[in-house]
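# Analysis of the macromolecular model
The residues making up each chain are set out below.
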Amino acid sequence: MIKVKYNIDKKTLNAAYLKLFKNDSQEKQKKWKNIRKQINPYFTSLPSKVKDIMVADFKKLTPIYLEYVAMMNTNKLTDLQKKDIKQKLEEIFNYTVWQPKLSSFFMNSQNGFQIHTCHYCDMAYVNAYGFWVIYSDMLDFINNAPLEDLTRFLDIEQSTAQKIIDYRGRHLFSTLDEFDNMKCWKSQKKKKSDHLLNNAKNHFDLDHILDKGSCPIIALSLYNFTPSCQVCNEKLKRSQTIGSTDAELCKLSPTSSDYDFDNNVTITVIPKKSTCSTFGFESHKNDYGIEFKCTDTDYQKTIDLFRLRERYNYHKVEALRLLDLKERYSDANIRSISRLLQNGTQSVIALQYTEQQIYEDIFGEDFSEKHCRCLGKLRKDILK
Ligand SMILES: [Zn+2]
């Protein structure tokens, strides 16, 4: 539903991603060279370098995935050979081993990911959380955090936290180095300030769009990951894949350049009876249903897979409330309210009651978009 946005230059992002694996890259490449020789005849184009698979665009991953699945269905290989191939590939592309590092990579703000709500359903918040939700930056944290926060976020004893408080009682930290150079960290190899970032938590799953169980080669590929909620990933999608053909997969993956759910699907409210007013909707909400209208019917597959129709109908009061507001606060009514509130006030105060501001106060359209609130598309489509 929401396209994954890559907000930094792809070359920089890819280089940062590959850096995660740098200590292991030679070993991976050696193993890949051997297994690649064996499986290469089954593929039209299989990269010779592991790193090219890790940062391949989604469109380059789909043929690898489809050809691997076909290879596993061929009679030319025995079951034992297939088992052996899979095992060797799982050793190279072992997601379980790398999972914590990958999550941290997605949470690191330097990598530019905007993770707010689930990319598949837009119904659950999936943000990362750490010290930065409460403090503006690391220095703000180090200079202002109370004892409890210092112990919790830095994983230290109260007596060590007290040393930080005593230090800043004399003068505030002006740089992070000043903090990292404190005597109490002398025995530690890593910078203590790094611990703050590593201690971050998240409540998102990294879904493999192309199932890693069906094709281990793409288990560590950056553009095969979509941050999603647990319901979408673990309860609904599980190991299923979003489409079956190459074109379909590319169209339906939120990480693909072809993905355009927004312009191909409209969320709308359909009255079940001839009632045309949503006034007092709370007492007759079952007179309405939410429907997803697709101009490109392929998108219906993701709507069905993530059960968006049922899940959105559970929240239909959100849409009905907006429709009701739309009915009662027409442009003409907003103009009248604005005139009334601006009447006789100073120009500074009058600015607070422009028609545009009153519209925003009632419908919260810009607020919702700016702060990435859940059900953003529903709101946008209803208010169109
Ligand atoms: Zn979801």
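Predicted model, so just to flag it, every value in this text is computed and none were measured.

### As for the overall build of the chain
Secondary structure assignment for the chain yields 22 helices and 6 strands. Each of the three principal axes of the chain carries a C-alpha extent, and together these read 80 × 70 × 35 Å. Across the chain, the fraction of contacts at a sequence separation of at least 24, relative to all contacts at a separation of at least 6, is 67%. Of the roughly 21,200 Å² that the chain leaves accessible, carbon and sulfur atoms contribute 49%. Between the mean site of the 58 positive side-chain charges and the mean site of the 49 negative ones, the chain shows a separation of 5 Å.

### Let's talk about the domain arrangement of the chain
Splitting the chain by domain gives domain 1 (10–123 + 203–252), domain 2 (131–198) and domain 3 (262–383). The centre of domain 1, based on its C-alpha atoms, is set 38 Å off from the matching centre of domain 3. Domain 1 puts 17 residues into the contact, and the matching count from domain 3 is 18 residues. Interface area, domain 1 with domain 3, both sides summed: about 1,600 Å², of which 64% is carbon and sulfur. The largest share of the area that domain 1 buries against domain 3 comes from Met 123, Leu 236 and Lys 251, three residues that together contribute 38% of it.

### Looking at the state of the cysteines
Counted under the stated rule, the structure contains 0 disulfides. Counting only cysteine sulfurs, Cys 374 is the nearest neighbor of Cys 372, a cysteine outside any disulfide, at a range of 10 Å. Of all cysteine sulfurs in the structure, the one in Cys 121 sits closest to Cys 374, which takes part in no disulfide; the separation is 7.4 Å. The exposure class assigned to Cys 374 is buried, which follows from its relative accessible area of 9%.

### Quick look at the packing of aromatic side chains
Enumeration according to the criterion identifies 24 aromatic pairs in this entry. Geometrically, the ring pair formed by Phe 21 and Trp 98 is tilted, given 4.6 Å between the ring centres and 55 degrees between the ring planes. Taken as a pair, Phe 21 in the loop between helix 1 (10–20) and helix 2 (25–39) and Trp 98 in helix 6 (residues 95–107) lie far apart in primary sequence, 77 residues in all. Side by side, Phe 21 and Trp 98 carry an identical accessibility label, which is buried.

### A few points about the coordination of the zinc ion
Coordination sphere of the zinc ion, protein contribution only: Cys 118 (SG), Cys 121 (SG), Cys 229 (SG) and Cys 232 (SG), at 2.3 Å. The coordination sphere of the zinc ion comprises 4 donor atoms, whose angles at the metal cover 105 to 114 degrees; the geometry is tetrahedral. Of note, the zinc ion draws all its donor residues from one chain, in the sequence arrangement C-x2-C-x107-C-x2-C. With Cys 121 in the loop between helix 6 and strand 1 (128–129) and Cys 229 in the loop between strand 4 (225–228) and helix 12 (230–237), this residue pair connects regions lying 108 residues apart in the sequence. Here the two residues Cys 121 and Cys 229 agree in accessibility, since each one is buried.

### Focus: helix 4 (residues 58–72)
Look at helix 4: 21 Å from first C-alpha to last across 15 residues, which is about the 21 Å you get at 1.5 Å a residue. Residues of helix 4 that are buried include every one of Phe 58, Leu 61, Thr 62, Ile 64, Tyr 65, Glu 67, Tyr 68, Met 71 and Met 72, and no others. Looking at the buried positions of helix 4, the neighbouring elements they touch are helix 2, helix 3 (50–54), helix 5 (79–92) and helix 13 (246–252).

### As for the pattern of salt bridges
By the definition in use, this model includes 20 salt bridges. The closest approach of N and O atoms between Lys 88 and Asp 84, which form a salt bridge, is 3.0 Å. You can see Lys 88 and its partner Asp 84 sitting in helix 5, 4 residues apart, about one turn around the helix. Given the relative accessible area of 37%, Lys 88 is considered partly exposed. Here Asp 324 makes a salt bridge to Arg 328, at a shortest N to O gap of 3.1 Å. Here the residue Asp 324 and the residue Arg 328 both occupy positions in helix 17 (residues 316–328), the gap between them amounting to 4 residues, near one helical turn. For Arg 328, a relative accessible area of 34% corresponds to the partly exposed category. One salt-bridge network, in which partners are shared between bridges, spans Asp 262, Lys 377, Lys 380, Asp 381 and Lys 384.

Reading the values: the criteria
- Residues numbered from 1 in each chain as written.
- Predicted model: local features only at pLDDT ≥ 70, side-chain atom pairs only at ≥ 80, totals over all residues.
- Heavy atoms only, no water.
- Helix = DSSP H or I, 4+ residues; strand = E, 2+ residues; numbered from the N terminus.
- Contact = heavy atoms within 4.5 Å.
- Areas by Shrake-Rupley, 256 points an atom, 1.4 Å probe, with all protein chains shown as cover.
- Lys, Arg positive; Asp, Glu negative; His and termini not counted.
- Charge placed at Lys NZ, Arg CZ, Asp CG, Glu CD.
- Domains from an automatic or database assignment.
- Buried area = accessible area lost by both parts, 1.4 Å probe.
- Disulfide = S-S within 2.5 Å.
- Buried < 20%, exposed > 50% of the residue type's maximum accessible area, 1.4 Å probe, protein only.
- Phe/Tyr/Trp six-rings, centres within 6.5 Å; stacked < 30°, edge-to-face > 60°.
- Donors = N, O, S within 2.8 Å, 3.2 Å for Na, K, Ca; no water.
- Tetrahedral: all angles 85-135°; square planar, octahedral: opposite > 155°, others 65-115°.
- Expected span 1.5 Å × (residues − 1).
- Salt bridge = Lys/Arg side-chain N within 4 Å of Asp/Glu carboxyl O.

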